[in-house]
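Descriptive structure summary
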Amino acid sequence: DDMKWRMLLGIIVLSALMTACGPSDPAPVVEAAKKGNITVEVRGEGAVDSITATITRVSGAGTVTIPVGTVFRGGPGTQRMMVARTAVVTFPAGVNVQTVKLETYCINHFLDVPETESILVIDDDQPAPSHPLRKLASCLEGKDLSQHERQIAMWVVVATSVISAVDYYRRYTRALAP
């Protein structure tokens, strides 16, 4: 019981903190892909906490940033995945393909997890910089919390657009326990 209340208090504190954090800008990877400077192939890993991205440099700079808050989507009925930690992909001389594992949050927890080898793409509908999920993801980057704790905070923000954080906590804590 003590652990549950500490987690609830933590979620409330994190929700308050997110208003103080600035949002990230997913433009570097999104814009580079739109301009044709890179191609991005993303595959699911059958988990809520990571996806694998293969970046191919077509032209342009030797570094691509995949910022926290960037969203990838899979097929119908599959969760959208949001990057939890900024990744910087560097292309040394003569290397045009790099693969990186991205830590993620799922942002549609009632949908299916992207299966291993399922293909995801950069979502055309990136959340605005002022969107609460983007702000919270930016705020959580670098915090000394487990991925599970950070994921629950993300789900609370998603859920509180429909129900209160307390109701969400009561309804879903048992289902989300590790």
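Note: the structure precedes this text.
Just so you know, these numbers come straight off a predicted model, no measurement behind them. (Residues numbered from 1 in each chain as written. Predicted model: local features only at pLDDT ≥ 70, side-chain atom pairs only at ≥ 80, totals over all residues. Heavy atoms only, no water.)

Scanning the protein chain for helices and strands turns up five helices and eight strands. Listed N to C, the secondary structure of the protein chain is α-α-β-β-β-β-β-β-β-β-α-α-α in terms of helices and strands. Considering the protein chain as a whole, with its 178 residues, one finds that 39% of them fall into the buried category. At a minimum sequence separation of 6, the contacts of the protein chain that also span at least 24 residues come to 69%. Carbon and sulfur atoms provide 56% of the accessible area of the protein chain, an area that totals close to 9100 Å². (Helix = DSSP H or I, 4+ residues; strand = E, 2+ residues; numbered from the N terminus. Buried < 20%, exposed > 50% of the residue type's maximum accessible area, 1.4 Å probe, protein only. Contact = heavy atoms within 4.5 Å. Areas by Shrake-Rupley, 256 points an atom, 1.4 Å probe, with all protein chains shown as cover.)

Another point: the side chain of Q79. Structurally, Q79 can be placed in the loop between β4 (71–73) and β5 (81–83). Of the residues examined, Q79 reaches a relative accessible area of 2% and is grouped as buried. Looking at Q79, its side chain comes within polar contact range of the main-chain oxygen of L111, at 2.8 Å. Contact partners of Q79, with chain neighbours within four places excluded, come to V48, G74, C106, I107, N108, H109, L111, D112, V113 and P114. (Polar contact = N/O pair within 3.5 Å; in protein donor to acceptor, adjacent residues only side chain to side chain.)

Turning next to the nonpolar core. The biggest cluster of nonpolar side chains holds 21 residues, and the ones touching the most others in it are V29, I55, I66, F72 and L102. When residues of this core are traced back to their parent elements, those giving at least two are α2 (27–34), β1 (38–44), β2 (50–57), β3 (63–66), β5, β6 (87–90), β7 (97–106) and β8 (119–122). Of all hydrophobic cores here, the second largest spans 13 residues; its members include M82, I107, L136 and L140. (Core = buried A, V, L, I, M, F, W, Y, C linked by side-chain atoms within 4.5 Å.)

On to the environment of P67. As for its position among the elements, P67 is in the loop between β3 and β4. The exposure class assigned to P67 is buried, which follows from its relative accessible area of 6%. Considering only alpha carbons, one finds P67 and V29, 38 residues apart in sequence, at a separation of 7.7 Å.

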